[in-house]
Amino acid sequence: MDRFEPNLRIPGPTALPPSVREAGARQMINHRGPEFAAMLERILTGMKPYFGTSSDIAMITTAGTGGLEAAVVNTISPGDRVLAVSIGSFGDRFAKIARTYGADVATIEVEWGQAADPAVVRAELERDPGYRAVLLTHNETSTAVMNPIAELAAVVREAAPDALILVDSVSGLGAVPFEMDAWGIDLVVTGSQKAWMAAPGLAMIAASERAWAAMETATAPRLYLDLRAHRDAHANGQTPWTPAIAVVFQVDEGIRLMTAEGAEHVFARHEACAAAARAGLEALGFELFADQRFASRTVTGAIVPDDLDWKAFNGEVKRRGVVLAGGQGKLTGKVFRVGHLGSVTLEEILGAMSVLEFVSIGFERPVRPGSAVAAAQVAAMESFGLVTPVAAGTGS
Ligand code: PLP
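Remember, predicted model here, so these are calculated numbers, not experimental data.

Participant: Residue-level account of the overall build of the protein chain, with values.
Facilitator: When helices and strands are tallied, the protein chain shows 14 helices and 13 strands. Taking 21 Å as the expected radius of gyration for a compact globule of 396 residues, we find that the protein chain reaches 21 Å, a close match to that expectation. For the protein chain, the C-alpha atoms occupy an extent of roughly 60 × 55 × 40 Å along the three principal directions. Relative to its 396 residues, the protein chain shows a buried fraction of 57%. Expressed as a percentage of contacts within the protein chain between residues at least 6 apart in sequence, the contacts between residues at least 24 apart total 71%. If the 34 positive side-chain charges of the protein chain are averaged to one point and the 45 negative ones to another, these points end up 4 Å apart.

Participant: Got a sec to walk through the sheet that holds strand 1 (residues 7-9)? Specific residues and values, please.
Facilitator: Spatially, four strands are ordered 1-12-13-11 in an open sheet, and the strand pairing comes out mixed. Looking at strand neighbours, the two that pair on one side only are strand 1 and strand 11 (299-303), the edges of this open sheet. When the angles between neighbouring strand axes are averaged without regard to direction, this sheet yields 30 degrees. Sheet analysis places strand 11 next to strand 13 (residues 335-339), joined by five bridges and oriented antiparallel. Directly across from V299, in strand 13, lies its bridge partner G339. Against the sheet, helix 11 (residues 263-283) touches strand 11 and strand 13, its axis set at about 10 degrees to strand 11.

Criteria and cut-off values
Residues numbered from 1 in each chain as written. Predicted model: local features only at pLDDT ≥ 70, side-chain atom pairs only at ≥ 80, totals over all residues. Heavy atoms only, no water. Helix = DSSP H or I, 4+ residues; strand = E, 2+ residues; numbered from the N terminus. Rg over C-alpha atoms; globule rule 2.2 N^0.38 Å. Buried < 20%, exposed > 50% of the residue type's maximum accessible area, 1.4 Å probe, protein only. Contact = heavy atoms within 4.5 Å. Lys, Arg positive; Asp, Glu negative; His and termini not counted. Charge placed at Lys NZ, Arg CZ, Asp CG, Glu CD. Pairing = 2+ DSSP bridges. Axes fitted to C-alpha atoms, helices over the stretch in contact; angles between N-to-C directions.

See below:
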C-alpha cells in the first residue's frame, strides 16, 4: 500500500512543495530567449539577500560538489598554499578537491561533532603567513554542526588579510541568516536541493570583487566551471551551457515561495523546527551528537544507542513513512540524522517524533506516549516566542 507520501527527513534532497513539483514538470523553453532571461534575473536577484552580497552570483548546472570544485579551480593555482578547516566529511571533500587541483593543502582537523575554533585557525595563519586561501564549511551536514562562520571569517581577515575565504554553505544558505559582504567572505557555494526547495542539479556561487579579480590570475585548468563564463553569460540573461531548465523552473518557484513567506520567517521556521527536532530526540532518550553550542539549524544528529538494533528500528520507522538519514563516513552506523530544511514544517517534525515514539515503544524503549511530540512542540513554541520556558513547564 502506498497511500501516503513519505516524510522525507534527510538533509537534502528535501521534499518539494506542490507548486515546485509542478514547475519542474513544465514544458521546456528556449534557454536563449527572454523568458529564461527574466527567470534567471529573478533567481539571481532573489538570492542576493540570502547570500548577503551585492556581488555577482553564478548559477551552474552541477551538484554541490561541482560548486565546490568551481570555487577551487577559479581561485587557486597549482602550488598555492591552502588551509582547509575540516569539521566533517564535507570539509574533507573540500580539501580533497583543492589537493586534486594541485594546491599545497594543510588541514586543521576538528574532532567530529565540534565546531572549528577561531583561535586555532588564527594560530595557524600566524604561524604560516603564506596561505592563499582558507576553506571553511558553514554547515557540516555530516556532523550536524554549524560553524561560527562570522567569527572564523573575522580571524582569517585579521590574521591573513590577503587570503581568500571560500565557504561551503551548500546546506546552510537560504535557511539561516548569512552576510557574505559584511563578514568579509570571498566566495560562497550553495545547492538547489537544500534550503531552496528544489531538486538537485544547480549550484549557486557568489564571489566578492577580490575573488572575481583572483580568477583573472588563477591558473588551475577550467572550462565548464569557469565562473567568468557564467557571469558573462548571465549578463546577457543566459548560461554558457545548456542549464538544467526543469530545476531552474523549480528554484524560481522556490524563491517565489520564500519571498512570499519572508526571509525572517523562513529563518524562524528553520530555527523552530531545529529546536523541535533536538527536544523531541532528547525526549526519546537519544543523545545528540553535536556540541549543542554549535547545533545546526538544518539537520540534527543523534547517537545510535549501543543496545539498539538500528537496522530493524529504522526499517520500522521507514515502514511508518519517515525517512531518516544515516551517518556518513566514519559515523556510518554510529549516528542517524533528521533533516529540517527547505520546505520543512513544524507539523512534519512533530509527525516524525510521533512515529519515533511509536517505534521506540514497540522496541521497548522507555518512552511515554506523547512525550517527544510534546517536548518538540514546546521547544518550537519557545523558539517562536509563543511561550516562555517557565510557562511551558519545561523546567519540571
Ligand atoms: N557540502 C555540504 C555541506 C553538503 O551537505 C553537501 C551535500 O549534502 C555537499 C557539499 C555536496 O553536495 P552534492 O551532494 O550536491 O554534490
